[in-house]
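If you want the building blocks of each chain, they are given just below.
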Amino acid sequence: MDLNVKALYLVGGIVMTCGAGAALLTWYHHRDAPGLRAWAAALLLSSFGALVLRFPDAASSAWIVLAANAVIVAGFAILWVGVRQFNEDSLSVRRSLLLVAAVVVAYLAICGIAQSVDAGRNAASMPFSLFLGLLSSGAAYEVWQGRHRDSLTTRLPTALALAGLGLARLVRAATLALQSAEWLPPGQVAEFHPYTLYATIVFVLATTYGLVLMANESAVRRDAELFADR
């Protein structure tokens, strides 16, 4: 099956924008639901960063690519910190912002190191996919850890969706690293890219659906407890 990369980027942008809308709408009705605002922020920032990268002059400017990727990394850092903040009551807003800033600074620093060692075109792509993979995996861990607070059964599929998203990005980072080491031919990596991109879109949808289900399950349980006390 042949997958068109440009079409997948377009579909991905639509999916992320609609997913952010669904997350915000659900959060409007369930304000105490975990992860919804953070996920909406991650998707909106990712959509904005992807839109910037679609500009005709973006590909020719390393600074624009770096800035757009940093915005997307910041979005996923917000996701990770957001679900972690829900699990840790001691994690203040100030500390959360510092964690997000630290992640972005670390990403920019690694990109700078990659540029200095002449990693070529992969100098921005490898750290980008690596950070998205690690942040998504970290968010999956935090979602799963939250089961000790509310025992929601829908936490498992949501955590698995985030873990799948992280794995897709880590596979992309690994293939780029193997290409830079000349262990894989460039053509083979380019052929594999549409499938990791497709997997990313699927897991974005699954994560959105999972977080919405978590919010609904939490609301149903709360209503059941309320009526049980009457």
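Located above this text is the structure these notes cover.
A. Region of interest: a nonpolar patch on the surface. Taken together, the side chains of Trp 144, Leu 156 and Leu 160 present a nonpolar region at the surface, about 280 Å² in accessible area. Inspection of the secondary structure puts Leu 160 in helix H7 (residues 155-180).

B. Just the nonpolar core, in detail. If you look at the biggest cluster of nonpolar residues, it comprises 46 residues, and the most contacted ones within it are Trp 39, Val 73, Phe 76, Leu 79 and Tyr 107. Secondary-structure elements contributing two or more residues to this core are helix H1 (5-29), helix H2 (36-53), helix H3 (62-87), helix H4 (93-116), helix H5 (122-145), H7 and helix H8 (186-228). It is H3 that contributes the most residues to this core, 11 residues altogether.

C. Molecular detail of the packing of H2 against H3. Between H2 and H3, the least distance of the axes is 8 Å, while the angle of their chain directions is 170 degrees. By the angle class used here, H2 and H3 are roughly antiparallel. The segment H2 lies against H3, with Ala 38, Trp 39, Ala 41, Ala 42, Leu 45, Ser 46, Phe 48, Gly 49, Ala 50, Val 52 and Leu 53 engaging Ile 64, Val 65, Ala 68, Asn 69, Val 71, Ile 72, Ala 74, Gly 75, Phe 76, Ile 78, Leu 79 and Gly 82. A per-class count over the contact of H2 with H3 returns 18 nonpolar, five polar and no charged.

D. Focus on the packing of aromatic side chains. The tally for this structure, following the rule as stated, stands at two aromatic pairs. Aromatic pair Trp 39 and Phe 76: ring centres 6.5 Å apart, planes at 90 degrees, arrangement edge-to-face. Pair noted here: Trp 39 is in helix H2 and Phe 76 is in helix H3, with a separation of 37 residues, a long-range link. Here Arg 149 stacks its cationic end above the ring of Phe 86, 5.1 Å away from the centre of that ring.

Conventions and cut-offs
Residues numbered from 1 in each chain as written. Predicted model: local features only at pLDDT ≥ 70, side-chain atom pairs only at ≥ 80, totals over all residues. Heavy atoms only, no water. Patch = residues over 30% accessible without salt bridge, like charges linked within 9 Å, V, L, I, M, F, W, Y side chains within 5 Å. Areas by Shrake-Rupley, 256 points an atom, 1.4 Å probe, with all protein chains shown as cover. Salt bridge = Lys/Arg side-chain N within 4 Å of Asp/Glu carboxyl O. Helix = DSSP H or I, 4+ residues; strand = E, 2+ residues; numbered from the N terminus. Core = buried A, V, L, I, M, F, W, Y, C linked by side-chain atoms within 4.5 Å. Buried < 20%, exposed > 50% of the residue type's maximum accessible area, 1.4 Å probe, protein only. Axes fitted to C-alpha atoms, helices over the stretch in contact; angles between N-to-C directions. Parallel < 35°, antiparallel > 145°, perpendicular 65-115°, else oblique. Contact = heavy atoms within 4.5 Å. Nonpolar A, V, L, I, M, F, W, Y, C, P; charged D, E, K, R; others polar. Phe/Tyr/Trp six-rings, centres within 6.5 Å; stacked < 30°, edge-to-face > 60°. Lys NZ or Arg CZ within 6 Å of the ring centre and 35° of its normal.

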